[in-house]
Amino acid sequence: MSEIKNYIASNQERFIGELIDLLKIPSVSADKAYAKDVHEAARYVADKLQEAGADKVEICQTAGYPIVYGEKLLDSSLPTVLVYGHYDVQPADPIELWTSPPFEPVVKDGKIYARGASDDKGQMYMHIKAFELMMRNGGVPCNVKFMIEGEEEVGSDNLETFVRANTERLSCDVVLISDTALISLDNPSITSGLRGLSYLEVEVTGPNRDLHSGIYGGAVANPINVLASMIASLHDENGAVNIPGFYEAVEKVSEEERALMAKAPFSLEEYKDHLDIEDVQGEKGYSTLERTSIRPTLDVNGIWGGYIGEGAKTVLPSKAFAKISMRLVPNQDSASITNLFQEHFTSIAPKSVQVIVRPHHGGEAAVTPTNSVAYKAAEKAMETTFGKRPIPLRSGGSIPIVTMFEKVLGIKTVLMGFGLDSDAIHSPNEHYAIANYLKGIETIPYFFKNFTEMNS
Ligand code: BES
Ligand code: MN
Ligand code: MN
């Protein structure tokens, strides 16, 4: 299939230019101020799908941001692949830490720097360009459907309703997603599992107003001090989460799988260097790769309260807040874990303060099969374009809709991602290597070819 390489070679500047145009649209779903831009990104994706040759392209309205749909149906006797991706991005802040503005993409050292470059505009757009490539070189080998949403970064609140209302239109044999990472271009991998998520916010209230810290300090509970010690108590001396029942449902990973994970190419020294840390930290008895994939965790995402303006203000604050997330593993139910947290956290609060726990969004962990036809089609496609067979590897991130597709459509997902853990997704200076972008565009047509052939 040298036409794949040729087509990419003669169109790559345009492929890069179009992605850059998409990255210029600040489609931040979390911030209402960008609502117009989120809609504009949906329009851009729909136009490009149409230009690439998709039929029935539609910007489907939801109670939130729209879902872009498009399809190319050949014959009902052929298999159907549903491509999922998202055109919304995370907020860019802290903006002052970007070396170039987040929505003015620049190419530096072969990488495109912009919010959403890797998560997920760059990876989603590979599918539109791979589709164009197939359409201009003999056509797609099987039926293709696209569903690109605009609320992934805020919990995909309206996606399930859409999927339930469109089960016929979305019927397929596999869901294909590029929204994860591989180890490196020299060491390809396919994501075989994702963690779940339970996200909540806590509010600790002490006195009914901010007090003078000299007059009252020492006699009245300081909610920030209390919150800090409550948070500290959430891990034990072995780095395990100290909430009764937290580990009860946790799936025990077999020694075989752990031995396989230990063989994955991973350098702890490079990992530490990359993050400028002297040492790693985590649950005793588990490796770094295990701590970030097969083990559940608890992290504070933000904490605030009291006086944080310039200079000093001697105040004993009335309130303290924190946002807390727990990453979950298979069998842990996110609603139950949220309940466990809520019960435990309120139970350890001293009488001197009041505690409110407010649950946010959640999602379940996913395990994707590595013995399915679709997985083998992806494995073979990557082996062809990387010259090396990819290994399956679980990831620590969350894509809750994977479990939802399984529940509602009864369909499994293949997570063929082309990002790198070092792409700085959700961080300042997010980037995506052009080599990874083009490798994705090259690999996807092989997936379609293999999947079609292996199904007949
Ligand atoms: N694409 C990421 C998830 C991801 C990234 C998985 C890298 C594996 C490797 C996705 O956009 C994301 O950020 N998900 C959120 C959860 C969501 C419910 C907001 C996450 O993992 O924090
Ligand atoms: Mn994503
Ligand atoms: Mn994300």
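Residues numbered from 1 in each chain as written. Chains lettered and ligands numbered in written order. Predicted model: local features only at pLDDT ≥ 70, side-chain atom pairs only at ≥ 80, totals over all residues. Heavy atoms only, no water.

Participant: Report on the coordination of the manganese ion (ligand 2), specifying residues and quantitative values.
Facilitator: Angles at a metal have ideal values that depend on geometry: 109.5 degrees with four tetrahedral donors, 90 or 180 degrees with six octahedral donors. Surrounding the manganese ion (ligand 2) are the protein donor atoms H86 (NE2), D119 (OD), D179 (OD) and D179 (OD), at 2.0 to 2.4 Å. Around the manganese ion (ligand 2), the six donor atoms sit at angles spanning 56 to 167°, and that spread fits a shape best called irregular. Written as a sequence motif, the donor arrangement for the manganese ion (ligand 2) is H-x32-D-x59-D. Between the manganese ion (ligand 2) and the manganese ion (ligand 3), the interatomic distance is 3.6 Å, and D119 donates to each metal, bridging them. Within this pair, whereas H86 is found in strand β3 (residues 80-86), its partner D179 is found in the loop between β7 (174-177) and β8 (189-194), the two being separated by 93 residues in sequence. Owing to a relative accessible area of 0%, H86 belongs among the buried residues under this scheme. (Donors = N, O, S within 2.8 Å, 3.2 Å for Na, K, Ca; no water. Tetrahedral: all angles 85-135°; square planar, octahedral: opposite > 155°, others 65-115°. Helix = DSSP H or I, 4+ residues; strand = E, 2+ residues; numbered from the N terminus. Buried < 20%, exposed > 50% of the residue type's maximum accessible area, 1.4 Å probe, protein only.)

Participant: An account of the coordination of the manganese ion (ligand 3) is needed here, citing residue identities and associated values.
Facilitator: Around the manganese ion (ligand 3), the donor atoms from the protein are D119 (OD), E153 (OE), E153 (OE) and H426 (NE2), and they sit 2.1 to 2.5 Å away. With six donor atoms in place around the manganese ion (ligand 3) and angles of 56 to 154° between them, the coordination shape is irregular. All donors of the manganese ion (ligand 3) come from a single chain, and their spacing in sequence reads D-x33-E-x272-H.

Participant: An account of the side chain of R195 is needed here, citing residue identities and associated values.
Facilitator: If you trace the backbone, R195 turns up in the loop between β8 and β9 (196-205). Within the buried set, R195 has no salt-bridge partner at all; the shortest N-O distance to an opposite charge, 6.9 Å, is to D299. Within the structure, R195 has its side chain in polar contact with the backbone oxygen of T292 (distance 3.4 Å). A polar contact is formed between the side chain of R195 and the backbone oxygen of R295, at a distance of 2.6 Å. (Lys, Arg positive; Asp, Glu negative; His and termini not counted. Salt bridge = Lys/Arg side-chain N within 4 Å of Asp/Glu carboxyl O. Polar contact = N/O pair within 3.5 Å; in protein donor to acceptor, adjacent residues only side chain to side chain.)

Participant: Talk me through the nonpolar core; I want residue IDs and the actual numbers.
Facilitator: V81, Y87, M416, Y437, I441, F447 and F448 are the most contacted members of the largest nonpolar core, which has 64 residues in total. Among the secondary structure elements, those contributing two or more residues to this core are α1 (2-23), α2 (35-52), β3, α3 (121-136), β6 (143-149), β7, α10 (373-386) and α12 (434-455). With residues up to four places along the chain from it excluded, the contact list for F447 reads V81, V174, L176, A374, A377, A378, A381 and M416. (Core = buried A, V, L, I, M, F, W, Y, C linked by side-chain atoms within 4.5 Å. Contact = heavy atoms within 4.5 Å.)

Participant: Tell me about the packing of α3 against α12, residues and numbers included.
Facilitator: Each pair of packed helices gets described by two things: the angle between the helix axes and the distance between those axes. Running from amino to carboxyl end, α3 crosses α12 at an angle of 50°, the nearest separation of the two axes being 8 Å. Relative to α12, the element α3 lies oblique. Every pair of crossing elements has a handedness; the one defined by α3 and α12 is right-handed. Here G122, Y125, M126, H127, K129, A130, L133 and M134 of α3 come into contact with α12, specifically with N436, Y437, G440, I441, I444, P445 and F448. Here the residues of the contact of α3 with α12 are counted per class, giving ten nonpolar, four polar and one charged. (Axes fitted to C-alpha atoms, helices over the stretch in contact; angles between N-to-C directions. Parallel < 35°, antiparallel > 145°, perpendicular 65-115°, else oblique. Left-handed = near helix turned anticlockwise from the far one by under 90°. Nonpolar A, V, L, I, M, F, W, Y, C, P; charged D, E, K, R; others polar.)

Participant: Tell me about the site of ligand 1, and please be specific about residues and values.
Facilitator: Around ligand 1 sit 16 residues in total, of which E152, D179, R327, S398 and H426 are the nearest. Measuring from an oxygen atom of ligand 1, one finds a side-chain N or O atom of H86 at 3.3 Å. D119 is positioned such that a nitrogen or oxygen atom in its side chain is 3.1 Å from an oxygen atom of ligand 1. The fraction of the free accessible surface of ligand 1 (520 Å²) that becomes covered by protein chains is 90%. Here the residues of the shell around ligand 1 are counted per class, giving four nonpolar, seven polar and five charged. (Near = heavy atom within 4 Å. Areas by Shrake-Rupley, 256 points an atom, 1.4 Å probe, with all protein chains shown as cover.)

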